[in-house]
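Breakdown of the fold
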Amino acid sequence: QNSTTLQPLESTIPDSDRFRDSKPLKLTCPSCQHFFPFGGIQSSNNYQITHSGIRCLSCQFVLPPLSVSAQLESFLRTQISQYYAGWLHCDDCGITTRQVSVYGRRCIGISGKAYGCKGIMRYLYSDKALYNQLLYLQSCFDVDKAKKRALKPLYEEFSGDVSADDKENKPSVMSQGELDALVEQNRSLFEVYQGVVDNYLEDCGRRYVDMGGIFGFMSAFEK
Ligand SMILES: [Zn+2]
Ligand SMILES: [Zn+2]
């Protein structure tokens, strides 16, 4: 029942803010090897959504659904293994380690003996960051969000994912009619992709709500 109390609060934050630090899903075109960030049904200089899926604008090849879901799955596994690697980072001296101090979250310092630095170690990839990352991936295939133009924009002012060249050449905005048609044509396909994310989100969400929800989430507000 924790998830129902968490959701309304979190969902009031717009995706552009909530997913600010989420990493983009990058797809490789199997035909020409073009590697590009995918941000759902919105305008891009790299891909175009057609009635039959995602088309690479570099060679016009339509990415086969199996290729997209395999790449999505591989990206998900990478994120989850980075999370489980459990790297700790000190904001003060900048040391990054997997070694957990016997003094809890106290920085182990350069000496490794927990003196020399008064900093606090934090997980580089927190429960909350992973949970948000998975929600971000799920949102990329959310056609109803696309319809409302509520997806995290691919071409935002300060987005590090976009090259300077791309910022100057923003793609033209889709008309609502075009958007509505693409949403319905891709609804069932995108639901399949969301299902891939859901398999991971269910486990992560339970973990996040049970543990992070009670402790990590509270302490985030205290600081
Ligand atoms: Zn291509
Ligand atoms: Zn330190």
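All figures in this text were calculated on a predicted structure; none of them were measured in a lab. (Residues numbered from 1 in each chain as written. Chains lettered and ligands numbered in written order. Predicted model: local features only at pLDDT ≥ 70, side-chain atom pairs only at ≥ 80, totals over all residues. Heavy atoms only, no water.)

The next thing to look at is the layout of surface pockets. Quantified by volume, the second largest pocket comes out at close to 330 Å³. In this structure, the second largest pocket is lined by 16 residues; those nearest its centre are Gln 42, Ser 43, Arg 149, Pro 153 and Val 173. Residue composition of the lining of the second largest pocket, by class: 11 nonpolar, three polar and two charged. (1 Å grid on protein atoms, 1.4 Å probe; cavity = no way out; pocket = protein on both sides within 12 Å on 5 of 7 lines; lining within 4 Å. Points joined across faces, edges and corners; volume = space filled by probe spheres on them. Nonpolar A, V, L, I, M, F, W, Y, C, P; charged D, E, K, R; others polar.)

The pairing of strand β1 (residues 25-28) with strand β2 (residues 35-38) spans four bridges and is classified as antiparallel. By the bridge assignment for β2, Lys 26 is matched with Pro 37. In this antiparallel pair of consecutive strands, β1 and β2, the connection spans six residues, and Gln 33 shows a positive phi of 70°. (Pairing = 2+ DSSP bridges. Helix = DSSP H or I, 4+ residues; strand = E, 2+ residues; numbered from the N terminus.)

Okay, the coordination of the zinc ion (ligand 1) next. Only Cys 29 (SG), Cys 32 (SG), Cys 56 (SG) and Cys 59 (SG) from the protein coordinate the zinc ion (ligand 1), and they sit 2.3 Å from it. Here the donor residues for the zinc ion (ligand 1) map to a single chain with the spacing C-x2-C-x23-C-x2-C. Of this pair, Cys 29 sits in the loop between β1 and β2 while Cys 59 sits in the loop between β4 (53-56) and α3 (65-85), placing them 30 residues apart in sequence. Residue classification places Cys 29 among the buried positions, given a relative accessible area of 0%. (Donors = N, O, S within 2.8 Å, 3.2 Å for Na, K, Ca; no water. Buried < 20%, exposed > 50% of the residue type's maximum accessible area, 1.4 Å probe, protein only.)

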